[in-house]
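Residue-level listing of the chains:
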Amino acid sequence: MNELKMNLNNYFVLWLTGGIVYYFAEIFCRGYSHFSMLICGGLCFLVVGVFGNKIIQNEKRLILGIIKVMIFGSMTITTLEYITGLIVNIRYGLNVWDYSDMKYNVDGQICLLYSLIWGLMSLICVFMNNMIEDKILKNNQT
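Described below are features of the structure shown in this document. (Residues numbered from 1 in each chain as written. Predicted model: local features only at pLDDT ≥ 70, side-chain atom pairs only at ≥ 80, totals over all residues. Heavy atoms only, no water.)

**Considerations on the packing of helix α1 (residues 2-30) against helix α2 (residues 35-58)**
With their axes 7 Å apart at the nearest point, α1 and α2 run at an angle of 125° to one another. As summarised for this structure, α1 and α2 are arranged oblique, according to the angle between their axes. Pair α1 / α2 crosses with right-handed handedness. Residue-level contacts link Y11, L14, W15, G18, G19, I20, Y22, Y23 and E26 of α1 to F35, M37, L38, I39, G41, G42, L43, F45, L46 and V50 of α2. Here the contact of α1 with α2 is composed, by residue class, of 14 nonpolar, 4 polar and 1 charged. (Axes fitted to C-alpha atoms, helices over the stretch in contact; angles between N-to-C directions. Helix = DSSP H or I, 4+ residues; strand = E, 2+ residues; numbered from the N terminus. Parallel < 35°, antiparallel > 145°, perpendicular 65-115°, else oblique. Left-handed = near helix turned anticlockwise from the far one by under 90°. Contact = heavy atoms within 4.5 Å. Nonpolar A, V, L, I, M, F, W, Y, C, P; charged D, E, K, R; others polar.)

So this is what it looks like as structure tokens:
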């Protein structure tokens, strides 16, 4: 039970770290953000980081692992962004973002350009997640 509690604590730290970093990255890049981006960004960071690390570790060829992480990350983040957009923007009408003017968008909530960007960002998620686990969270386990 202690191991489960430690894993949940570690996942919470990773989620919160990813959420805060994404929230402030949005403020830095576009001048504003929304609380929902902390939640969604944290979930994206956690899922892509944890599973991306597993993909890299299980792949014998690094380049193929990187490509798999980028595809997995792009699909995961785009899906979570779409779900968040349906709730926050369409259901509640908060208009946190709108990709309607972008090519190849779906309901103004996701678009091809950002899906590709999320694929690249996935590599940063995996690197940061791995660093946090190795340098910070492993020290708490001993």
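**A short note on the packing of aromatic side chains**
What describes a pair of aromatic rings is the distance from one ring centre to the other and the angle between the planes of the rings. Counted by the stated rule, this structure contains 6 aromatic pairs. Aromatic side chains Y23 and F24 sit 5.2 Å apart centroid to centroid with 90° between the ring planes, which places their arrangement in the edge-to-face category. The exposure class assigned to Y23 is partly exposed, which follows from its relative accessible area of 22%. Ring pairs connect the aromatic residues Y22, Y99, Y114 and W118, which therefore count as one cluster. (Phe/Tyr/Trp six-rings, centres within 6.5 Å; stacked < 30°, edge-to-face > 60°. Buried < 20%, exposed > 50% of the residue type's maximum accessible area, 1.4 Å probe, protein only.)

**Considering the pattern of salt bridges**
The final tally for this structure, using the stated rule, is 2 salt bridges. Close ionic contact of E26 with R30 constitutes a salt bridge, the shortest N to O distance being 3.6 Å. Remark: R30 and E26 occur in helix α1; sequence separation between them is 4 residues, near one turn of the helix. By relative accessible area, E26 is classed as buried at 10%. Among the residues examined, R30 registers a relative accessible area of 30% and is labelled partly exposed. Notably, a salt bridge pairs E59 with K68, separated by 2.7 Å at the nearest N-O pair. The exposure class assigned to E59 is buried, which follows from its relative accessible area of 17%. (Salt bridge = Lys/Arg side-chain N within 4 Å of Asp/Glu carboxyl O.)

**Topic: the packing of α2 against helix α3 (residues 62-91)**
Direction vectors running N to C along α2 and α3 enclose 155°, while the axes themselves pass 9 Å from each other. Comparing the axis directions of α2 and α3 gives the class roughly antiparallel. Remark: the crossing between α2 and α3 carries right-handed chirality. Across the contact of α2 with α3, the residue classes tally to 16 nonpolar, 6 polar and 2 charged.

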